[in-house]
There are 2 protein chains.
Amino acid sequence: MGPETATSAARGVAPPTGRRNRDADVVAAAINVFWRKGYADASVQDLADEVGVLKGSLYHYIESKEALLMRVFDLAHEQAQETIDYAAALDVPPLERVRRYFERHVRWYLDNIEHASVFFREWRSLTGPNLQTVKRRRRSYARFIGGMIEECRLAGATAPGVDSRIVLVYVLSAVNAAPDWYRREGPDDAGTIAAAYADFVVGTLVGAA
Amino acid sequence: MGPETATSAARGVAPPTGRRNRDADVVAAAINVFWRKGYADASVQDLADEVGVLKGSLYHYIESKEALLMRVFDLAHEQAQETIDYAAALDVPPLERVRRYFERHVRWYLDNIEHASVFFREWRSLTGPNLQTVKRRRRSYARFIGGMIEECRLAGATAPGVDSRIVLVYVLSAVNAAPDWYRREGPDDAGTIAAAYADFVVGTLVGAA
């Protein structure tokens, strides 16, 4: 918020947040269109229609279709990073950190099915430095989760002989499929599933007693 | 084995198993081609090339590309049914039945990555009665596994409050992704992964002690 903000607001013109809101609208529209049609089949015209602007106007907000896809990934990354920061800051035993991390993580997926689905389906549609960035981020999420699991193992909280690497793949496979099968109109609310999944992850680590 | 068989063998011509072997070769070739190119992009010419016969000859063995895809599914079904029959016949406690079932089930996936991948990716390519048959079979696998889990719950062997329906989805998501990430040239042999996964499934059910 600088002096310009105050001036614009005083003049009663669109506040500078207008631009930010429109940016957010464009990213939200992109998530819906990429989810419905797939990135390859989505046209800039489809995106303009979804936002409700002329195609020419959309180019004020995006440089290219891929730049827009990358903003969808940037937003997912910001939100994933918030969950990581939350879990990292908890002062709790290692298994409880895992449980709370996965409860939030799965909750985000279920509250953002379209966004999460685009994230899982379309990362291969990115190219060059964008693809490298997204791959690097995915490795860093896996490293964080793997680190939490390893912390459990070192604390003696996991089943004897658990291989952190293999259990990581099992758990991520289970959790990452949640946006594929979960239906908002189904019998279970997102909170119930997120809590159940978090318990399952802990159970997977602790193993049969 | 009828009289014709004996006669053919006596004459020294190709034994009747020749036809069956060729059928098996055609299904094996179909798995490879559908796995490499995807069903939609695979042509009958590609299939003929893979088998090593002229395209015209291939029509002795298949009626259509979809009929061939269905034979890929029929073979997977036979083998899935063998694992189910094996587990159903075991005289062991319910959790041990689950463990042994999943050890075989995952082992089949890892020993048949291409076949399992075609099974998961291409069932939507089937149409009409074929699609209905495959959907019915998938429901019956899920019912069998769900029944084993429910048997564990009723025996008091699962974590308190476990929802059999939700845990079934979690476990199947984890297990069904195995052919996607497993690499034969990787550090772990199929037997190690299958045993670890079977333990993870049991751990998921038993939960944190």
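Presented here is a report on the structure given in the accompanying data block.

Here is what the cut-offs are and how they apply
Residues numbered from 1 in each chain as written. Chains lettered and ligands numbered in written order. Predicted model: local features only at pLDDT ≥ 70, side-chain atom pairs only at ≥ 80, totals over all residues. Heavy atoms only, no water. Core = buried A, V, L, I, M, F, W, Y, C linked by side-chain atoms within 4.5 Å. Buried < 20%, exposed > 50% of the residue type's maximum accessible area, 1.4 Å probe, protein only. Contact = heavy atoms within 4.5 Å. Helix = DSSP H or I, 4+ residues; strand = E, 2+ residues; numbered from the N terminus. Phe/Tyr/Trp six-rings, centres within 6.5 Å; stacked < 30°, edge-to-face > 60°. Least-squares fit on C-alpha atoms with pLDDT ≥ 70 in both. Buried area = accessible area lost by both parts, 1.4 Å probe. Salt bridge = Lys/Arg side-chain N within 4 Å of Asp/Glu carboxyl O. Polar contact = N/O pair within 3.5 Å; in protein donor to acceptor, adjacent residues only side chain to side chain.

1. Considering the nonpolar core
Residues F102 of chain A together with F102 of chain B are the most contacted members of the largest nonpolar core, which totals 141 residues. The residues contacting F102 of chain B, other than those within four sequence positions of it, are R107, I145, V171, L172, V175, A198 and V201 of chain B.

2. Description of the environment of V27 of chain B
All names here are of chain B. With respect to the helices, strands and loops of the structure, V27 is situated in helix α2 (residues 17-37). Here V27 falls in the buried class, since its relative accessible area comes to 8%. Separated by 61 residues in sequence, V27 and A88 have C-alpha atoms that sit 28 Å apart. If near-sequence neighbours (up to four positions away) are discounted, V27 is found in contact with R71, V72 and L75.

3. Quick look at the packing of aromatic side chains
Under the criterion given, the structure shown has 25 aromatic pairs over all chains. Ring geometry for Y170 of chain A versus Y197 of chain B: centroids 5.1 Å apart, planes at 90 degrees, classification edge-to-face. Taken together, the residues Y170 of chain A in helix α9 (residues 164-176) and Y197 of chain B in helix α11 (residues 190-206) connect one chain to another. The residues Y170 of chain A and Y197 of chain B share a single accessibility class, namely buried. An angle of 70 degrees between the planes, with centres 5.1 Å apart, marks the rings of F34 of chain B and Y39 of chain B as edge-to-face. With relative accessibility at 1%, the residue F34 of chain B sits in the buried group. Exposure remark for Y39 of chain B: the relative accessible area of 10% places this residue in the buried category. Through a chain of ring-to-ring contacts, three or more aromatic side chains come together here, namely Y170, W181, Y182, Y197 and F200 of chain A together with Y170, W181, Y182, Y197 and F200 of chain B.

4. Side note on the relation of the copies chain A and chain B
Between the two copies, chain A and chain B, the superposition gives an RMSD of 0.0 Å; the rotation angle is 180 degrees and the shift along the axis is 0.0 Å. The symmetry that links the two subunits is that of a two-fold axis. Taken together, the interface assignments show that 100% of the residues at the interface of chain A recur at the interface of chain B, consistent with an identical surface on both copies.

5. What to know about the interface of chain A and chain B
Each partner contributes residues to the interface: chain A has 25 residues there, and chain B has 25 residues. Between chain A and chain B lies a buried interface of about 2,100 Å² when both sides are counted; carbon and sulfur atoms form 74% of it. Considering only the side of chain A, the residues that lose the most area to chain B are I166, Y170 and F200 of chain A, jointly responsible for 35% of the buried surface there. Here chain A is connected to chain B by two salt bridges. Seen at the junction of chain A and chain B, the total is five residue pairs in polar contact (both at pLDDT 80 or more). When contributions to the side of chain A that touches chain B are tallied by element, the ones reaching two or more residues are α9 and α11 (190-206) of chain A.

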